Structures are given as C-alpha cells and as structure tokens.
Amino acid sequence: MEIKITKAPVLKEKPDSSTLGFGKIFTDHMFMMDWNSEKGWYNARIVPFENLSIHPASTVLHYGSEIFEGLKAYRRADGKVQLFRPIENIRRMNNSAERLCLPQIPEDLAMEVLTTFVDLEQDWTPSAEGTSLYLRPFMFGNDESLGVHAVHNATYVIIASPVGSYYKEGINPVKIMIEDEDVRAVRGGTGYAKCGGNYAASNRAGERAAQKGYAQVLWLDGVERKYIEEVGAMNVMFKIGDEIVTPMLSGSILPGITRKSCIEVLKDKGFKVSERLLSVDELGEALQNGTLKEAWGCGTAAVVSPIGELCYKDVKYTINNGEIGETTQMLYDTLTGIQWGKIEDTYGWTKEI
Ligand code: PLP
Ligand code: COI
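Residues numbered from 1 in each chain as written. Chains lettered and ligands numbered in written order. Predicted model: local features only at pLDDT ≥ 70, side-chain atom pairs only at ≥ 80, totals over all residues. Heavy atoms only, no water.

A. Geometry of a nonpolar patch on the surface. A grouping of Leu52, Ile54 and Leu61 is seen on the molecular surface, where their side chains present a nonpolar patch of about 240 Å² in accessible area. Relative to the assigned elements, Leu52 resides in the loop between strand 3 (40–48) and helix 1 (59–63). (Patch = residues over 30% accessible without salt bridge, like charges linked within 9 Å, V, L, I, M, F, W, Y side chains within 5 Å. Areas by Shrake-Rupley, 256 points an atom, 1.4 Å probe, with all protein chains shown as cover. Salt bridge = Lys/Arg side-chain N within 4 Å of Asp/Glu carboxyl O. Helix = DSSP H or I, 4+ residues; strand = E, 2+ residues; numbered from the N terminus.)

Structure, rendered in structure tokens:
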C-alpha cells in the first residue's frame, strides 16, 4: 500500500537523554491509516505529530474499543537502529483485535508501515545507556453513532517516544503490593488482549498501592483470588529453590514477549522453567522458609525489573535482601545485550531498520 508522507515543516529539538523518563516526549511525525468494513484499510499516511480530531459519538469514547502495543527501537553501538521481535507485537495486536471485534492488519502491511515509520523517525532513537525509542501502535473503533456493535470504522496510529527507564528505580529493585480486593481480568474476559480497558480497571488498585509507596500491584486470579497472575505492566517470574516459576498463560494474563524471551534464554542456559499455577500460599511459604531466592518482572517498558519487596495483607517480605539476584541480572544482561546489539543475536530476534 502506498504510504503518503507529509513532513513536519519544522523539526523539534531532540531532548537531553538524561531527562527522558517514560512516554512524555513525542517525535515529529505519526503514522495513521483508516479502516472501513467495506473498503478495508485505506489512506495510509505519515503526518506531522498533532492532536486527533474525532466525532464526540466515536465508539472508542463510549464503549472502549481500543487496543495497543508497545515495542522499542534500539540504537546499536555501530549507529544502526533495530527492533526487537516486532512480528510478535504484530501478531499479538491481531489477537487483541480479534477479541475486541476490531479489524485485522495483514502481517506484511503492519510490518511495512512500522518499519517505514521507524525509518523516518530513527534520528529520535537515543544512544545513552538504557534509552530507546518506544513505539506505541494503537487502534480504535471510530463509528460516529451510539449503537453498541462490532465496529465498521477504525483508525490505526503509531506514535513514538524517546524513553529512559519506566520505573524511577531504574534497574534497582521495585516494591510490589499483592492486590487481594480488585481483580484485573477473568478467563473468558479480555486479560490476554492488550486493550485500554484492562488498564483503566487497574488504576484504583494501582493508586492504593502507590499511596503506600509501592510501584505497582501484583494481581491474583479473578475467581479465587488465590493464584498469582501478573503485575500492572509486566509478567512475573520467581526463583524458588532451583526452579523458575512463572504463571501459565491461562487467558487472563498478557502473553508477554519479554516473558517468552526470558523463558527461551533460561531454558537455553539449563534452568528448569515451569509455567504453572502458583498460589499466593505457595509463594508465602517460599518467602517464609527462605526458598524464594529471586523475583522479577519482565516487560518491554520495564525490561527486567528485580522485585525487592512484596507486601501481602499488610505484611512485608524482603526478597534477596532487596538486591538484584544473579539470575535476574543474567536475564537483564542477555536481553539488553541482544536489544542494544552488544551481544550476538543467535535467536534471530532483532530486525535492523
Ligand atoms: N503484562 C502487562 C499487563 C503489560 O502491560 C505488559 C507490557 O506490555 C506485559 C505484561 C509485558 O509484555 P511485553 O513483554 O510483551 O511487553
Ligand atoms: C509495555 O511494556 O510496552 C507496556 O505496554 C506497558 C505499559 C502499559 C506502560
């Protein structure tokens, strides 16, 4: 498909890498295309970054028809820019779209528009340690009527933001609170889809945790509030004795690409990895008897983040003396090494722009 490019007349000044934070600064352009149930995808364009104009009755504003993705472009030491497993994001976006009755984007088209956009904005990829260009593709239902039904019109957009670390702690351990009141998702719901509504429903618990000094909440399953699921913006892994345990993909948690990558790296290094049910009682026991050696979260924004403290029902448990453990560090070094091109990508995960 032809992508019409309209360049911004004046380019913005690039920010100082030390002040980036997460998702506050945006590049000069954005990608957009529209979809109609009769025409399919049309009007693919790159335009100057600007506010969107949508009808006040637009589906997304009333019924939450919205899905998104998150991936990063990394600046290698040789100056080139590369993406990490972008095909996985494209496939997950289509799975999310299927759940929300939004349109599919053919994989080739999704890859073409993504790489064309990143190519145009690649000067915005910062080079300082731990920084990258975060890409946020999103799609929303855009019918101009108030009836509730599968959408007939949708819009797909990609914006980009140069970022540093997601948590203010950086690679230092974060404190996480186990949430036993609100739930994020149930099987049969939208937990496995990356849709905005999942995050909207998480905010109340997240705010309560923040007031107590916790970075995010760890969700329990929505039926029994018994099994560990995931954290607000990352999947979780625990080293119990010599076993690495991570909640299995039951339909209510997001199938993280970082999670999948960590599992592959861990198995290659000879670790025993179990994707299974992990009850909060089993975790509590492991915390008390000292067999819980390490805990970490993994996600695109969060990378690999050690968890230094867990709080459950107001009892605080310190993990690994509040320090990053050796397995967590190994995963961080391996993944970021591949992402920033410091170590050889023997998996074929990276895509040079
Ligand atoms: N779980 C949730 C709820 C998330 O928002 C994210 C971030 O995208 C993840 C897990 C990790 O997924 P990924 O590694 O694909 O970024
Ligand atoms: C990501 O890691 O890309 C995410 O989408 C997390 C986000 C909700 C900040």
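From this point on, the discussion continues.
B. Structural detail: helix 7 (residues 280–288). Inspection of helix 7 places Val280, Leu283, Gly284, Ala286 and Leu287 among the buried residues, and these make up the whole buried set. Across the axial projection of helix 7, the buried residues extend over an arc of 165 degrees, all falling on one side. Turned more than 90 degrees off the buried face of helix 7, the exposed positions are Asp281, Glu285 and Gln288. Looking one or two places after helix 7, you find Gly290, whose phi comes out positive at around 80 degrees. (Buried < 20%, exposed > 50% of the residue type's maximum accessible area, 1.4 Å probe, protein only. Arc of directions from axis to C-beta.)

C. Seen up close, the layout of surface pockets. Estimates place the volume of the largest pocket at around 690 Å³. Around the largest pocket, the lining is made up of 35 residues, and of these Tyr166, Tyr199, Gln216, Gly232 and Ala233 lie nearest the centre. Listing elements by their share of the lining of the largest pocket, those giving two or more residues are strand 7 (132–141), helix 5 (203–211), strand 10 (216–220), strand 11 (228–231), helix 6 (257–268) and strand 15 (292–299). Split into classes, the residues belonging to the lining of the largest pocket amount to 17 nonpolar, 11 polar and 7 charged. Mapping the lining of the largest pocket onto the domain boundaries places at least three of its residues in each of domain 1 (4–164) and domain 2 (174–339). (1 Å grid on protein atoms, 1.4 Å probe; cavity = no way out; pocket = protein on both sides within 12 Å on 5 of 7 lines; lining within 4 Å. Points joined across faces, edges and corners; volume = space filled by probe spheres on them. Nonpolar A, V, L, I, M, F, W, Y, C, P; charged D, E, K, R; others polar. Domains from an automatic or database assignment.)

D. Representation of the packing of helix 2 (residues 86–100) against helix 3 (residues 107–121). Between helix 2 and helix 3, the shortest axis-to-axis distance is 10 Å and the interhelical angle comes to 125 degrees. In terms of axis orientation, helix 2 runs oblique to helix 3. Between helix 2 and helix 3 the crossing geometry is right-handed. Along the contact surface, helix 2 presents Pro86, Ile87, Ile90 and Arg91, while helix 3 presents Glu107, Ala110, Met111 and Leu114. Each residue belonging to the contact of helix 2 with helix 3 can be placed in one class, and the counts come to 6 nonpolar, no polar and 2 charged. (Axes fitted to C-alpha atoms, helices over the stretch in contact; angles between N-to-C directions. Parallel < 35°, antiparallel > 145°, perpendicular 65-115°, else oblique. Left-handed = near helix turned anticlockwise from the far one by under 90°. Contact = heavy atoms within 4.5 Å.)

E. The packing of aromatic side chains, seen in detail. Across all of its chains, the model carries 9 aromatic pairs by this definition. Between Phe31 and Tyr156, the ring centres sit 6.3 Å apart and the planes meet at 70 degrees, which makes this aromatic pair edge-to-face. With Phe31 in strand 2 (residues 29–36) and Tyr156 in strand 8 (residues 153–163), this pair connects stretches of sequence that are 125 residues apart. Taking the relative accessible area as the measure of exposure, Tyr156 reaches 5% and is therefore buried. In this arrangement the basic side chain of Lys39 is found over the ring face of Tyr42, its NZ or CZ atom lying 4.0 Å from the centre. Directly above the ring of Tyr214 sits Lys175, whose terminal nitrogen or CZ lies 5.4 Å from the centroid. (Phe/Tyr/Trp six-rings, centres within 6.5 Å; stacked < 30°, edge-to-face > 60°. Lys NZ or Arg CZ within 6 Å of the ring centre and 35° of its normal.)

F. Main features of the site of ligand 1. Ligand 1 sits among 17 residues. The nearest are Lys194, Tyr199, Glu230, Thr258 and Thr300. For ligand 1, an oxygen atom lies 2.8 Å from a polar atom in the side chain of Arg92. Ile257 places a main-chain nitrogen or oxygen 2.7 Å from an oxygen atom of ligand 1. In a pocket analysis with a 2 Å cut-off to the grid points, ligand 1 is assigned to the largest pocket. Within the residue set of the shell around ligand 1, elements represented by two or more residues are strand 11, helix 6 and strand 15. Here the shell around ligand 1 is built from residues that sort into 7 nonpolar, 6 polar and 4 charged. (Near = heavy atom within 4 Å. Polar contact = N/O pair within 3.5 Å; in protein donor to acceptor, adjacent residues only side chain to side chain. Sits in = over half its atoms within 2 Å of the grid points.)

G. Here's a closer look at the nonpolar core. With 36 residues, the main nonpolar core has Phe31, Leu135 and Tyr156 as its most contacted residues. Residue assignment for this core shows that the elements contributing at least two residues are strand 2, strand 3, strand 5 (71–75), strand 6 (81–84), helix 2, helix 3, strand 7 and strand 8. With 7 residues, the single largest contributor to this core is helix 3. Judged by nonpolar contacts, the second largest core, of 25 residues, contains Val174, Ile176, Phe238 and Ile307. (Core = buried A, V, L, I, M, F, W, Y, C linked by side-chain atoms within 4.5 Å.)

H. Broad picture of the environment of Ile3. Here Ile3 lies in the segment before strand 1 (4–5). When residues no more than four places from it in sequence are discounted, the contact partners of Ile3 are Phe31, Ala44, Arg45, Ile46, Glu112, Val113 and Thr116.

I. Region of interest: the domain arrangement of the protein chain. Domain boundaries assigned for the protein chain yield domain 1 (4–164) and domain 2 (174–339). Taking only C-alpha atoms into account, the centre of domain 1 sits 27 Å from that of domain 2. Facing 21 residues of domain 1, the contacting portion of domain 2 comprises 22 residues. For the pair domain 1 and domain 2, the summed buried area comes to about 1,800 Å², and 56% of that belongs to carbon and sulfur atoms. In terms of surface lost to domain 2, no three residues of domain 1 exceed Phe84, Arg92 and Arg99, which account for 34% of the buried area on that side. In this assembly, domain 1 and domain 2 are joined by 2 salt bridges. The partner of Arg85 in a salt bridge is Glu264, with the nearest N and O atoms 3.4 Å apart. When contributions to the side of domain 1 that touches domain 2 are tallied by element, the ones reaching two or more residues are strand 4 (66–68), strand 5, strand 6 and helix 2. (Buried area = accessible area lost by both parts, 1.4 Å probe.)

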